Amino acid sequence: MTHALVVDDSRSMRSILGRILRGFGMDVEEAPDGRAALDRLVEGERPDVALVDWHMPNMTGVELVSEVRSRPELAGMTIVMVTSESEPDQIGLALAAGADEYIIKPFTPDAVADKLAMLGIGPGASGCNQTGEGTAP
Amino acid sequence: MTITSFSDETVAEITKEIWSAIVDDSGSLVARGAVTDYGDLTGSVDISGSWNGTFYLSFSLTAARQAAANMFAAEAEDLSDDDVRDAVGELINIIGGNLKALLPPPALLSLPTVATGLPKPTHLDEAELVSELRFDWIDEPIVIAVWRAPDDQ
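Residues numbered from 1 in each chain as written. Chains lettered and ligands numbered in written order. Predicted model: local features only at pLDDT ≥ 70, side-chain atom pairs only at ≥ 80, totals over all residues.

Visitor: What should I look at first to understand the nonpolar core in this one?
Guide: A general feature of soluble globular proteins is that nonpolar side chains tend to end up buried together. Core analysis: the largest hydrophobic core is formed by 79 residues, its most contacted members being Leu51(A) and Val88(B). The element best represented in this core is helix H3 (residues 81-100) of chain B, accounting for 8 residues. With residues up to four places along the chain from it excluded, the contact list for Leu51(A) reads Ala4(A), Val6(A), Val7(A), Leu17(A), Val80(A) and Val82(A). (Core = buried A, V, L, I, M, F, W, Y, C linked by C-beta atoms within 7 Å. Buried ≥ 20, exposed ≤ 12 C-beta atoms within 10 Å, placed from the backbone. Helix = DSSP H or I, 4+ residues; strand = E, 2+ residues; numbered from the N terminus. Contact = placed C-beta atoms within 7 Å.)

Shown next, in the form of structure tokens:
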């Protein structure tokens, strides 16, 4: 089963994204900010993919991405930014920091599935264990 | 497309698009004439950079609680007050981010704040009301307002 970590300071957004990912058959964990996510990544089992908000207290999403990419023990982990920051400059900044993909809020389950499939993850990826349809937020 | 201010049409279009994607896709968020007062719970985000100002999204408590219930996929009565405030903050965060994207860079988005009634920043008395729209949803009022800060005029 694909293991996802959702990092967002909004509980409602974690709920929406978590439902979508569970609908794809994924095991989902949550963290309320970048610092908590980094602590979780260092101490626990590494997820297959982290979906990370941009604006969060304590540590922003871009700071988290940069920190993860600087740690050899976390090398190769897939990171997707999920944010309402949609300007090309901001997207470029996140990708330059090390994000693999970028999803703009608001999103649909299909948009999440498409982005994850591009990374070889989720219901659209070949060989994935698809167990259900995404539920609308 | 970049803009230097916000028309009612632009604010309404983005608000309805986000409402449909996040809260309720039935098309039941309907524009309803003039704003007579604000709601009981208001979320806000500040924009700074090429344009400086604040976006507000104001709800009746009933509307806020039901919107949060839809976002959490839960019963309204099962949610805590913090859950409701979280949902209001996330909605104005997404609306603000999408409106900000229309501005020329640089444009920075603050973290959302949520307060009872209409939060009044120190600049509000001198600020320009750029757009103020009232919607109805589940027979409850929802108001979105865009204020431009005085140092931006």
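Visitor: I'm lost on helix H5 (residues 109-118) of chain A in this one. Help?
Guide: Spacing of three or four residues puts side chains on the same side of an α-helix, whose turn is 3.6 residues. All names here are of chain A. Every buried residue of H5 is listed here: Pro109, Val112, Ala113, Lys115 and Leu116. Down the axis of H5, the buried side of the element spans an arc of 165 degrees, and every buried residue falls inside it. Against the buried residues of H5 lie helix H1 (11-23), strand E3 (49-52), strand E4 (78-83) and strand E5 (101-104). Glycine 120 sits one or two positions beyond H5 and adopts a positive phi of about 80 degrees. (Arc of directions from axis to C-beta.)

Visitor: Teacher, can you tell me more about the pairing of E4(A) here?
Guide: Two faces, one strand: in a regular strand the side chains alternate between the faces of the sheet. Residues and elements named next belong to chain A. A large share of E4 lies buried, amounting to 5 of its 6 residues. Two strands pair when backbone bridges link them, and E3 and E4 are joined in this way by 4 bridges, in the parallel orientation. Residue pairing in the sheet places leucine 51 in a bridge with valine 80 of E4. After leaving E3, the chain enters helix H3 (residues 61-69) and then returns to the sheet as E4, a path that is right-handed. The sheet contact formed by E4 and E5 spans 4 bridges and is parallel. (Pairing = 2+ DSSP bridges. Right-handed = clockwise from strand over helix to strand, strands pointing away.)

Visitor: Hey, could you run me through the sheet that holds E4(A) in this one?
Guide: In any sheet, the strands associate via hydrogen bonds between backbone groups, in a parallel or an antiparallel arrangement. Residue and element names in this part refer to chain A. The 5 strands lie next to each other as E2-E1-E3-E4-E5, forming an open sheet whose pairing is parallel. Of all strands in the sheet, those with a lone pairing partner are strand E2 (27-31) and E5, marking the two edges. Neighbouring strand axes in the sheet, compared pairwise and without regard to direction, differ in orientation by 20 degrees on average. One ladder, built from 5 bridges, connects strand E1 (residues 3-7) with E2; its direction is parallel. (Axes fitted to C-alpha atoms, helices over the stretch in contact; angles between N-to-C directions.)

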